[in-house]
Amino acid sequence: MSQTEPAAPVMPPRFNFMTVVRIFLRTWPHLKPQWKHIAAWFSLQFLSGVVVSLLAVIVLDVFNNKVLLGAPLEPIQATLMLFDASYATDELTDLQRQEVRNRLIVYTIIGYFLLVVLIQRMVTTYYEMWIAQQINQSLRVKMIENAEHLSLRYHSHARTGDAIYRVYQDSAMISSIIDTVILDPINMIWSCGLAFFILWLFDPALGILVVTASVPVIALVMWFTPRLQRRSWIARNTNSDLTSRIQEISAAIRIIKANQAEDTAIDRFNEDSHTALDNAFWLRVEIIIMLALIGTIVGVVILASDFMMADWTIDGQKTAFGASLAIVGFTAWNLGAFEAARSRIGQYVGWGSALISKWSIMQDMAVGLDRAFFLLDLKADVTDTSESAPLPTPVRQITFEGVRFGYDPERPVLKDISLTAGAGTVTAIVGQTGSGKSTMMSLLLRLFDPDEGNITVNDVDLRDIRIADLRQNVSIALQQNVLFATSVGDNIAYAAENVDDEAIREAARVACADEFIQALPLGYDTELGERGSRLSAGQRQRITIARAIVRNTPILILDEPTASLDAETEQAVLRNLADWGQERIIFLITHRLSTIRNADQIAFLKDGAISEIGNHDALMAIPDGNYRQYVEAETIAAEVQDV
Ligand SMILES: Nc1ncnc2c1ncn2[C@@H]1O[C@H](COP(=O)(O)OP(=O)(O)OP(=O)(O)O)[C@@H](O)[C@H]1O
Ligand SMILES: [Mg+2]
C-alpha cells in the first residue's frame, strides 16, 4: 500500500459571497422537480400556523372574558362547543362558567393533539423529510451517473473514498437547503426587523443602539467567514481521506494480513482519523471564538440599553411614540415598559445570533455542495455524439495515425504512434516495461482518446463510432486475470451473451484449457473459490483467454495473458489462435521471443514511438536495430538462466 496523496483539488478554492450564492443557486435544478411538494408543504405549515394562532386567540377570549368574567359566549362559540343557545344569550352562571372551562380544556387538548402534534409536528415534519430525501436522491443519482461515464483518467487519479464521501456526505447538504438557506433566514430577519421596529417605537435611541452594535458584529462575521470556509473545506477533505483509508484497508485486507502489516495499517488509519477529528474540532473552535466575541458585544448592548432605559424609567419619561404604543398601554416608561422593551432587545439579539449560526452552517453547506458539484462538473473525456455510427463491418484494418497520448497531457507516454494492422494478421507489440504497450490497447478500446492523431477502423475514426458498439467487438485478455466465484463455464461465458456449452468448450480448446477443465471434479461445472483460488496461475490465464475467445469478436487483444504459461503451452495457444482467428485482427503483447517471431508483424515501441516495424526476419536484418539488440539481450538472458 503506497502512501497516497490527498485527493484533488489541492488548494482551498477561493470562496467569496458570490461563489456561495452561485453554489446555492445551482441546487435549483434538483429542487425544481419537487416544487409542487415544497409549495404544498409550505402552505400546510403556514395554514396550520394561522389556524393555531386564531384558535389561541379564541381560547384566550373564552377563558378570560367568558370563564373568568362570565360574559355570554358568542353564538358561534356556543355552537362549536356544543352548548345550547342559553350560553350565548345571558350572563353565564357559576355552574355554566365551570362547564365552559371544562369543555374548553378538553377541546384544547384535542385541538392541540390534532393540529399541533399530528399536523404540525408529525405530518409536516415527515413530509419535509420526504421532500429533502427526494432532492438529495436526485443529486446523488446525477453524481453517480456522471462518475460512471467519466474517463478512466479521473478514476485512476482520485481515491475511491473521495468519490464515496462526495456522493454520500457532501451531497447530503442539499437536503437542508430549503430550511437553512431560505426559510430560517427569512423567518429570522423578519423577527429581527419586527423587534427593531418595536424598539424604535419605544425610543429611536434603542433602535440606533442595536443597529450600531450590529456593525462590528457583521464585520466580525465577515472576517470569520473565509476562515470558516477554509476550516470546513479542510475538515471535509480530511474526512474524505479517512473514508479512502477505510476503503483501501478493507480492499487490501488479504495483502495486509499476508505481510503482517496490520500495525502499519492501523497506524495510518489512526493518523488519518486523528487528522479528521482535529480538523472538525478546529472548525468548531473557530465558530466558538466568533460567537464568544459576538457575545461580548451583545453583553455591552444589553448593559447600555439597561442603563438608558433605567434612566428613562426613573424619570418617568414618555415613550417616543407613546400614541402608537397606547394600545398596549406603554405611553410612559415604567417597569412594564422596561420589561417589554428589554424582551424585544433579547429577541433582536437572539434571532440575530441564530442568524449568525445559520450563516456559519451555510458556509459548511456551500463547501460541501461545491465538493458535490465538483463530481458533476467533471466531463467525461470519451463520449458518444448524436452522430456516432455503428462499427463498420467487416473490420478490414485498424490504423494508428500519429497518435500522441499521456495520462498527464504534459508528460506524453505515446508521442507518435503510426501502425496498420489488417484482418487475418497477428501484430506483436514489443518494448520495455512501461513503454506504453498496454496504453496503446487502452486507446484502441477507447478507454481514453488520443491527445493528437487518431485511430481508425476501416478509415472511420474511433471517435465517430458508438463506444458500446466498439467494445462489443473487441475482446481483451489481460495479465491480471480476474476470475469470479462461480463455475468454470460461467467464468468463461462471463462477458459473452447467449453462448452455448459447445461454444464455451470450443473457446476452451483454443485456449488449451479444455483438457485440464475436463480433469476437474465437476468439469465445466466446478465452482471456483474467490478469485479462482482453486486454480494455478497458468490455468487461470487460459480461462481468461478462453473468455476473450468465446466472445467471438473481430478484434482480439492479448496483453501478456500468457506470461504464466510455459513456452510449449504458449506456442500451442498461439497456433490454435492463428487457426481460429482467420479473418480477425489480433494484437499480442508478450516478452517471449519464440512467440513474437511467429507474428505477422512486430512493432517495436521505444521512446513513445514505433521505431521499427516488420516481420522477424526483416527487423533482424537491420544492423544495430532496436529489435535485433532486444532479441540478442533476451537470448543472452535466456542462456544465462539456462546455465
Ligand atoms: N492509469 C494510469 N495513470 C497514469 N499513468 C499510467 C497509467 N497507466 C500507466 N501509466 C504510465 O504510463 C506508462 C506506460 O504504461 P503501460 O502500462 O502502457 O506500459 P507497458 O508497456 O504496458 O508496460 P508493461 O510491459 O510493464 O506492462 C508508464 O510509465 C506508466 O507509469
Ligand atoms: Mg502492460
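Just so it is clear, the model here is predicted, and its values are computed rather than measured.

Some thoughts on helix 12 (residues 262-315)
An ideal rise of 1.5 Å per residue puts 80 Å on 54 residues; helix 12 measures up with 78 Å between its terminal C-alpha atoms. Note on helix 12: the residue one or two positions beyond its end, Gly 316, has a positive phi of about 65 degrees.

Considerations on the nonpolar core
Counting residues in each nonpolar core, the largest one holds 47 residues, and the members touching the most others are Ile 492, Ile 517, Ile 549, Leu 577, Ile 596, Ile 602 and Tyr 627. The element contributing the most residues to this core is helix 20 (residues 537-550), with six residues. For Ile 492, the residues in contact, after removing those within four places along its chain, are Ile 504, Ala 508, Ile 517, Tyr 524, Ile 543, Ala 546, Arg 547 and Val 550. In terms of nonpolar packing, the next biggest core, distinct from the first, is built from 32 residues, Cys 192, Leu 220, Val 298 and Ala 337 among them.

Details of the packing of aromatic side chains
Under the counting rule described, the total for this entry stands at 13 aromatic pairs. Ring plane angle 40 degrees and centroid distance 5.2 Å describe the contact between Phe 405 and Phe 448, whose orientation is recorded as tilted. Of this pair, Phe 405 sits in strand 1 (residues 397-405) while Phe 448 sits in the loop between helix 15 (437-444) and strand 4 (452-457), and the two are 43 residues apart along the sequence. There is no split in this pair, since Phe 405 and Phe 448 are both buried. Pairing Tyr 407 with Phe 448 gives two aromatic rings, centres 5.3 Å apart and planes at 90 degrees, and the pair type is edge-to-face. With a gap of 41 residues between them, Tyr 407 in the loop between strand 1 and strand 2 (414-422) and Phe 448 in the loop between helix 15 and strand 4 connect regions that are remote in the sequence. Put simply, the rings of Phe 202, Trp 312 and Trp 333 pair up and form one aromatic cluster. Above the plane of the ring of Phe 373 lies Arg 26, whose end atom (NZ or CZ) is 4.2 Å from the centre. The side chain of Arg 584 reaches across the aromatic face of Trp 580, ending 3.8 Å from its centre.

Thresholds applied
- Residues numbered from 1 in each chain as written.
- Chains lettered and ligands numbered in written order.
- Predicted model: local features only at pLDDT ≥ 70, side-chain atom pairs only at ≥ 80, totals over all residues.
- Heavy atoms only, no water.
- Helix = DSSP H or I, 4+ residues; strand = E, 2+ residues; numbered from the N terminus.
- Expected span 1.5 Å × (residues − 1).
- Core = buried A, V, L, I, M, F, W, Y, C linked by side-chain atoms within 4.5 Å.
- Buried < 20%, exposed > 50% of the residue type's maximum accessible area, 1.4 Å probe, protein only.
- Contact = heavy atoms within 4.5 Å.
- Phe/Tyr/Trp six-rings, centres within 6.5 Å; stacked < 30°, edge-to-face > 60°.
- Lys NZ or Arg CZ within 6 Å of the ring centre and 35° of its normal.

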